Amino acid sequence: MELSLEKILWFLVFIDSISTNFIVWFFPKWYEKKFNKMSKYFPATKGWSTWYLILVLWIGYALFRI
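Okay, so let's go over this structure.

Conventions we followed
- Residues numbered from 1 in each chain as written.
- Predicted model: local features only at pLDDT ≥ 70, side-chain atom pairs only at ≥ 80, totals over all residues.
- Heavy atoms only, no water.
- Helix = DSSP H or I, 4+ residues; strand = E, 2+ residues; numbered from the N terminus.
- Buried < 20%, exposed > 50% of the residue type's maximum accessible area, 1.4 Å probe, protein only.
- Expected span 1.5 Å × (residues − 1).
- Contact = heavy atoms within 4.5 Å.
- Phe/Tyr/Trp six-rings, centres within 6.5 Å; stacked < 30°, edge-to-face > 60°.

1. Here we look at the environment of Ile15
Counting through the fold element by element, Ile15 comes out in helix α1 (residues 5-26). A relative accessible area of 42% places Ile15 in the partly exposed class. Put simply, Ile15 and Leu53 are 38 residues apart on the chain and 9.7 Å apart in space, counted from C-alpha to C-alpha.

So, in structure tokens, the structure goes:
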């Protein structure tokens, strides 16, 4: 398997989306406590984090087909 820049970037974004979903589903209070000011502008909601994961998986599927 050849590693290209697109695959490496996708993998980093995939790790970010997995960690975002993990935090939102299991530790939302920790996020609000730890990142108080940032949570006002970027609230941790289950909807956008799930949608983010779906979009990342869709892009990964498209990269796999190329």
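So much for the structure itself; the text now carries on.
2. Section: helix α4 (residues 46-65)
Its 20 residues place the ends of α4 29 Å apart at the C-alpha level, agreeing with the 28 Å of an ideal helix rising 1.5 Å per residue. Here the buried face of α4 lies against α1.

3. Points about the environment of Thr45
Among the secondary structure elements, Thr45 is positioned in the loop between α3 (36-41) and α4. Thr45 gets classed as partly exposed once you look at its relative accessible area, which sits at 36%. For the pair formed by Thr45 and Ile23, sequence separation is 22 residues and the distance between their alpha carbons is 9.9 Å.

4. So, the packing of aromatic side chains
If you walk through the whole model with that rule in mind, you get six aromatic pairs. Measuring from centroid to centroid gives 5.0 Å for Trp10 and Phe14, while their planes differ by 15°, and the two rings are stacked. Remark: Phe14 and Trp10 occur in helix α1; sequence separation between them is four residues, near one turn of the helix. On the basis of relative accessible area, Trp10 is assigned to the partly exposed category, the value being 23%. Between Trp30 and Phe35 the ring centres are 5.9 Å apart and the planes differ by 90°, which places this aromatic pair in the edge-to-face class. Residue Trp30 is classed as partly exposed on the basis of its relative accessible area of 43%. You can call Phe35 partly exposed: its relative accessible area is 34%.

Distances and angles like these do not, on their own, reveal function.
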